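# Coordinate analysis (summary)
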Number of protein chains: 2
Amino acid sequence: MTDLVKMGEAAKAAAQQLAQLSSAEKNAALLTMAEALVSATPMILEANAADLAAASALPTKFTDRLRLTAVRVADMAAGLRAVAALDDPTAKADKGWRTEAGLFIVQQRVPLGVVGMIYEARPNVTVDAAGLTLKSGNAVILRGGKEALRSNIALAGVLRSALTQAGLPAAAVQLIEDPGRELATQMMHLTDYIDVLIPRGGAGLIRAVVQQATVPVIETGAGNCHIYVDQAANLTMATAIVVNAKVQRPSVCNAAEKLLIHRGVAAAYLPALARALQAHGVTLRGDAAARTIVPSMQPATAADWDTEYNDLIMAVKVVDSEDAAIGHINAHNTKHSETIVTDDYAAGEQFLSQVDAACVYVNASTRFTDGQEFGFGAEIGISTQKLHARGPMGLTALTTTKYQIRGNGQVRK
Amino acid sequence: MTDLVKMGEAAKAAAQQLAQLSSAEKNAALLTMAEALVSATPMILEANAADLAAASALPTKFTDRLRLTAVRVADMAAGLRAVAALDDPTAKADKGWRTEAGLFIVQQRVPLGVVGMIYEARPNVTVDAAGLTLKSGNAVILRGGKEALRSNIALAGVLRSALTQAGLPAAAVQLIEDPGRELATQMMHLTDYIDVLIPRGGAGLIRAVVQQATVPVIETGAGNCHIYVDQAANLTMATAIVVNAKVQRPSVCNAAEKLLIHRGVAAAYLPALARALQAHGVTLRGDAAARTIVPSMQPATAADWDTEYNDLIMAVKVVDSEDAAIGHINAHNTKHSETIVTDDYAAGEQFLSQVDAACVYVNASTRFTDGQEFGFGAEIGISTQKLHARGPMGLTALTTTKYQIRGNGQVRK
């Protein structure tokens, strides 16, 4: 029987050790883990084949994410090596100053402690999360989707052996092997042992964690992203951006789901834009004004404005002004990524200033909201909340700070 | 009947306006609020007198915090003027860089939006919180202790009139006037309208909010703070620090509650230190080893090690090593403020590195954990959690960031 409190205690003890390691020690362990994964490829693929066999009735979209291949295992190993090459956020202080009383205060970056990950049946998250948490000096407790359990057990086993081989505590990476929901619920309330919970997956999973957890959560991923084509837009650029944001990878959270278009350009431009999207297989759903211009659109319902499709569907709304576009976005978005296409300086600045989202763009595809594209090198997720971290989360999002204060006998007057 | 959803909608609308104000506009409003408070002193004191009359059966410690005087009103006004003089955190960007794709990303500081404050019967918090949230561009919904309701209604009324006079939305500052618990509970679940809840008050209040709220909470205040007197301590300095940390203001969260003393100096030093503390009226509770040395101590029970007294009581434990002191602290502290007194360089560095707390000190009183002492100018509380903000929270803790990204047609490959 899985004893979560025991796992929590082991994680906490491991975290205290990890927090004291040098970057070199953590990097060496990451390289050992990468090598171990590659060596264990046949065993990992065998476990994954068993998961795939049990999941054969599930949709291809699902099994595609569950499936591992030798190339994918090599990619995961390469990911660990890439994380080893990143800067260690806990090797840095944010600032330091001397106070009026003569105290020298340093705001030092330190690991969070124990990170809990709850995710779906994507075995690569097991390795990604283990690598990122280790690099940032944290222990991790993993709870992946039950359909990937055999794969995850194989992967976590390899990673834990590698940790031991590298002289680090195996409890730095622990996997909950009991697939029951009770364990997940218990995990969400393990406030004495888990410092932060990061759910990764669909909107349902994330909502469940946010609503149930008493452990602090970093909310990630939901992306009802908009593109607003202003009346002053360069329309060639607008088409390129809208098509890219919608079709380049429609299943991900930074894909655009909604198109808002200024009434001043809608009649002349929307037919061509609609054809460009439809040529890529996009189904369009329009409001009344949009359907008057492009009658082939399906009618959009009220629910459409709040729906993340993650698919080749886009809802289209004609707006009377930029104010109306911003008002609609702030009322319906998930605070992820929003773009204006415009050549009007003031319109661009207004959009940047007034739209409430983690990432607000002028004249670029929403698809750039990504740790790699931002230059963070790797990401643990994209935060759509306002506290702690907002937008793509690199290694620093897995740390906190500690004030280290050096005195020489100061007492308070 | 108080309609919290309506209050939430009004707060959200006000927050969108506040986020667009210049620092000068916010500062002018703060000065108007300060002036209005001073002008309204007789009306405020009358309301407070009614609160005090109704609370006459409550302990002096309680009514002392509830009581307003002309001087205290003037102090609150001075506090608002001091906040006006602080730097505006939302006038700053944290960083900016150009990505490989040529996007220019700026990580801009922006207000959180709507802040919820839940606090006890201390009317000064009403004014403090209104000033700090306004300066950082946030709207605030206040829910103070019911014994201060008349005072809070008077204060909030003055502040709201001043906001209107300054041309800002009165809904920037809203007070829940219904003292029922149901409203507080509803407030803790108002996720669509409140971006962060900050409870201020005793451990019971904070625990209730943390356990019940689905709105993200910043946990503040609990302080089971330790001082560890190392065997290499300068004992004169140790006495000054321990006495200051315990007796200078025992009711506050950064006062020391526990004394850990190395066995190597305990027998020779503890009697003198105990006398110094007892001379200030401190009751000592010791473990067996401490009581062998100072028999006048009461015996400490297991519960003592986890108790924040907020009073002239201190529990004393003799430890065999610094490792034992650190182990005890990490097992029992509330992650607030911890001090080592030592002249041993390595001992000091080990303590700074291994103790898990917001503020870790070498050779200084724990009493310095405070926004003013840190140089932040004002504080909204002291965070004892690890996410978002840790330690004294100045205005920046009331903000988040937004990535503003300027492109020229970039699409993702």
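Please read these numbers as outputs of a predicted model, since none were measured by experiment.

Glancing now at empty space enclosed by the protein. Residues and elements named next belong to chain A. What the rule picks out here adds up to 1 cavity of 30 Å³ or more. Counted as a void, the largest cavity has a volume near 40 Å³. Every residue lining the largest cavity is listed: R143, G144, K146, L149, N152, L175, I176, D178 and P179. Grouping the constituent residues of the lining of the largest cavity by class yields 4 nonpolar, 2 polar and 3 charged.

Another aspect to go through is the packing of helix α2 (residues 23–39) of chain B against helix α6 (residues 123–135) of chain B. Residue and element names in this part refer to chain B. Orientation of α2 relative to α6, taken along the N-to-C sense of each, is 165°, at an axis distance of 9 Å. As far as their axial angle goes, α6 and α2 are roughly antiparallel. Handedness of the α2/α6 crossing: right-handed. Across from K26, N27, A29, L30, M33 and L37 in α2, the residues of α6 making contact are V127, A130, G131, L134 and K135. Its residues placed into classes, the contact of α2 with α6 shows 7 nonpolar, 2 polar and 2 charged.

Bringing the sheet that holds strand β2 (residues 104–111) of chain A into the picture now. Taken in spatial order, the 10 strands line up as β1(A)-β2(A)-β16(A)-β13(B)-β12(B)-β7(B)-β8(B)-β11(B)-β9(B)-β10(B) in an open sheet, and their pairing is mixed. Edge positions in the open sheet fall to β1 (93–98) of chain A together with β10 (298–299) of chain B, since each of these has one partner strand only. As judged from the 4 bridges shared by strand β12 (residues 337–341) of chain B and strand β13 (residues 359–364) of chain B, these two strands associate in the parallel manner. Pairing of B:S337 across the sheet is with B:C359, part of β13(B). Against the sheet, helix α10 (residues 235–247) of chain B touches β16 (399–410) of chain A together with β7 (225–229), β8 (256–262), β11 (313–319), β12 and β13 of chain B, its axis set at about 170° to β7(B). Helix α13 (residues 322–332) of chain B contacts β7, β8, β11 and β12 of chain B of the sheet and is inclined by roughly 175° relative to β7(B).

Let us now look at the pairing of strand β9 (residues 283–286) of chain A. Look at any regular strand and the pattern is simple: side chains alternate between the two faces of the sheet. All names here are of chain A. Residue alternation in β9 divides its side chains into a buried set, L284 and G286, and an unburied set, T283 and R285. For β9 and strand β11 (residues 313–319), the ladder comprises 4 bridges, and the chain directions are parallel. The residue bridging T283 from the neighbouring strand is I313, located in β11. Pairing between β9 and strand β10 (residues 298–299): 2 bridges, direction parallel.

Before going further, it helps to examine the state of the cysteines. What we call a disulfide is simply a covalent bond connecting the sulfur atoms of a pair of cysteines. In total, this model carries 0 disulfides over all chains according to the counting rule given. This cysteine, A:C359, is not joined by any disulfide, and A:C225 carries the nearest cysteine sulfur, 8.9 Å off. Unpaired in terms of disulfides, B:C253 finds its nearest cysteine sulfur in B:C225, a separation of 6.9 Å.

Once that is clear, we can look at the pattern of salt bridges. For the structure shown, the criterion picks out 30 salt bridges over all chains. B:R109 is the salt-bridge partner of B:D94, the closest N and O atoms lying 2.8 Å from each other. One end of the pair, B:D94, is in strand β1 (residues 93–98); the other, B:R109, is in strand β2 (residues 104–111), and 15 residues separate them in sequence. Assessed through its relative accessible area of 38%, B:D94 is described here as partly exposed. By relative accessible area, B:R109 is classed as buried at 16%. One continuous salt-bridge network, built from bridges that share partners, spans A:D195, B:K335, B:D356, B:K386 and B:R390.

Time to look at the packing of aromatic side chains. One pair of aromatic rings is described through two measures. These are the centre distance and the angle between the planes. Following the criterion strictly, the structure yields 14 aromatic pairs over all chains and no others. Ring centres of A:F374 and A:F376 lie 5.8 Å apart, and the angle between their planes is 65°; this geometry places the pair in the edge-to-face category. Classification of A:F374 by relative accessible area gives buried; the value is 2%. On the basis of relative accessible area, A:F376 is assigned to the partly exposed category, the value being 22%. Judged by centre distance (5.0 Å) and plane angle (80°), the ring pair of A:Y403 and B:F374 falls under edge-to-face. A residue pair is termed interchain when its members come from two chains, as with A:Y403 in strand β16 and B:F374 in helix α15 (residues 371–374). Across the pair, B:F374 and A:Y403 agree in class, each one buried. Three or more aromatic residues joined by ring pairs make a cluster, and in this case those are A:W97, A:Y403, B:F374 and B:F376. It is A:K317 that lies over the ring of A:W305; its NZ or CZ is 5.0 Å from the centre.

Cut-offs used in this document
- Residues numbered from 1 in each chain as written.
- Chains lettered and ligands numbered in written order.
- Predicted model: local features only at pLDDT ≥ 70, side-chain atom pairs only at ≥ 80, totals over all residues.
- Heavy atoms only, no water.
- 1 Å grid on protein atoms, 1.4 Å probe; cavity = no way out; pocket = protein on both sides within 12 Å on 5 of 7 lines; lining within 4 Å.
- Points joined across faces, edges and corners; volume = space filled by probe spheres on them.
- Nonpolar A, V, L, I, M, F, W, Y, C, P; charged D, E, K, R; others polar.
- Axes fitted to C-alpha atoms, helices over the stretch in contact; angles between N-to-C directions.
- Helix = DSSP H or I, 4+ residues; strand = E, 2+ residues; numbered from the N terminus.
- Parallel < 35°, antiparallel > 145°, perpendicular 65-115°, else oblique.
- Left-handed = near helix turned anticlockwise from the far one by under 90°.
- Contact = heavy atoms within 4.5 Å.
- Pairing = 2+ DSSP bridges.
- Buried < 20%, exposed > 50% of the residue type's maximum accessible area, 1.4 Å probe, protein only.
- Disulfide = S-S within 2.5 Å.
- Salt bridge = Lys/Arg side-chain N within 4 Å of Asp/Glu carboxyl O.
- Phe/Tyr/Trp six-rings, centres within 6.5 Å; stacked < 30°, edge-to-face > 60°.
- Lys NZ or Arg CZ within 6 Å of the ring centre and 35° of its normal.

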